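Descriptive structure summary
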Amino acid sequence: RLPAILRGGVIDRYWPTADGRLVEYDIDEVVYDEDSPFQNIKILHSKQFGNILILSGDVNLAESDLAYTQAIMGSGKEDYTGKEVLILGGGDGGILYEIVKLKPKMVTMVASNIDQMVIDGCKKHMRKTCGDVLDNLKGDCYQVLIEDCIPVLKRYAKEGRMFDYVINDLTAVPISTSPEEDSTWEFLRLILDLSMKVLKQDGKYFTQGNCINLTDALTLYEEQLSRLYCPVEFSKETVCVPSYMELWVFYTIWKKQTDI
């Protein structure tokens, strides 16, 4: 009744889901496989999902996954025309490509240790996702900064620069439910605090959460939102991301409006 596990193949077809299940993908080609100073970068071809970007064993995004990009941009409910947008992460170029179509005033993309080799691989092998936006680091309404996002956020906050939208595509909510033992939680809180400092009072912050089955981790993330320097409110939605083969939670966060 169960298919045999294929061992010792040239191409690894098995990748874990966030909630610990092992999924066999229909991988038929290694398109790109390089080690950068930061991580291993693979782009594998799937018959049904197209090329899939995998960073250090973590499935990031496939050419089939426009649903992910749309969800982390607000699921088509936002008007980006003439707006200032900050993208944290997003090295595959998918978010940048989709937002540029919507005629923003300016999009700045910056990430913590954004990997030039990820950009190089994606602009060659993930063009259905990124189009031509990664061919140049500057365009008429966008710029890509190959810098650590934390000093950039601190500089923007000091300068008083403000954005209508901040989109955090750096990392998913940690699976660990012990924030005191996991520096990733501290990193997420720091990014949240700095992002709120550069977000306009009526602006919105979008980010991914994690698999819907990781209820403890998602609850803990929501608890972190009460620990920020300013009060915030949030909403969330669940989206099916094709290549993840699991339901994924996305968050919208905004500054709580106070009565004057």
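Located above this text is the structure these notes cover.
All of the points below concern the structure found in this document. (Residues numbered from 1 in each chain as written. Predicted model: local features only at pLDDT ≥ 70, side-chain atom pairs only at ≥ 80, totals over all residues. Heavy atoms only, no water.)

**Considerations on helix 3 (residues 116-125)**
Helical geometry note: an α-helix holds 3.6 residues per turn, so side chains three or four residues apart project in the same direction. Within the sequence span of helix 3, burial applies to Val118, Ile119, Gly121, Cys122 and His125. Along the axis of helix 3, the buried positions cluster into a sector of 170°, meaning they face one direction only. (Buried < 20%, exposed > 50% of the residue type's maximum accessible area, 1.4 Å probe, protein only. Helix = DSSP H or I, 4+ residues; strand = E, 2+ residues; numbered from the N terminus. Arc of directions from axis to C-beta.)

**Some details on the nonpolar core**
By size, the foremost hydrophobic cluster in this structure holds 81 residues, and its most contacted members are Leu86, Ile99, Ile167, Tyr205, Tyr221, Trp248 and Ile253. The greatest single-element share of this core, amounting to seven residues, is contributed by helix 6 (residues 183-198). (Core = buried A, V, L, I, M, F, W, Y, C linked by side-chain atoms within 4.5 Å.)

**As for the sheet that holds strand 4 (residues 40-46)**
With antiparallel pairing, the four strands of this open sheet are ordered in space as 3-4-5-6. Edge strands, defined here as strands with exactly one partner in the open sheet, are strand 3 (27-35) and strand 6 (58-62). Adjacent strand axes in the sheet meet at a mean angle of 25° when their direction is disregarded. Relative to strand 4, strand 3 runs antiparallel, the two sharing seven bridges. Bridge pairing in strand 4 links valine 30 to leucine 44. (Pairing = 2+ DSSP bridges. Axes fitted to C-alpha atoms, helices over the stretch in contact; angles between N-to-C directions.)

**Looking at the environment of glutamate 98**
Looking at where glutamate 98 falls in the secondary structure, it is placed in helix 2 (residues 94-100). Residue classification places glutamate 98 among the buried residues on the basis of a relative accessible area of 17%. Each C-alpha atom, one on glutamate 98 and one on cysteine 130, is 8.1 Å from the other, the two residues being 32 residues apart in sequence. Apart from the residues lying within four places of it in its own chain, the contact partners of glutamate 98 are Leu66, Thr69 and Met73. (Contact = heavy atoms within 4.5 Å.)

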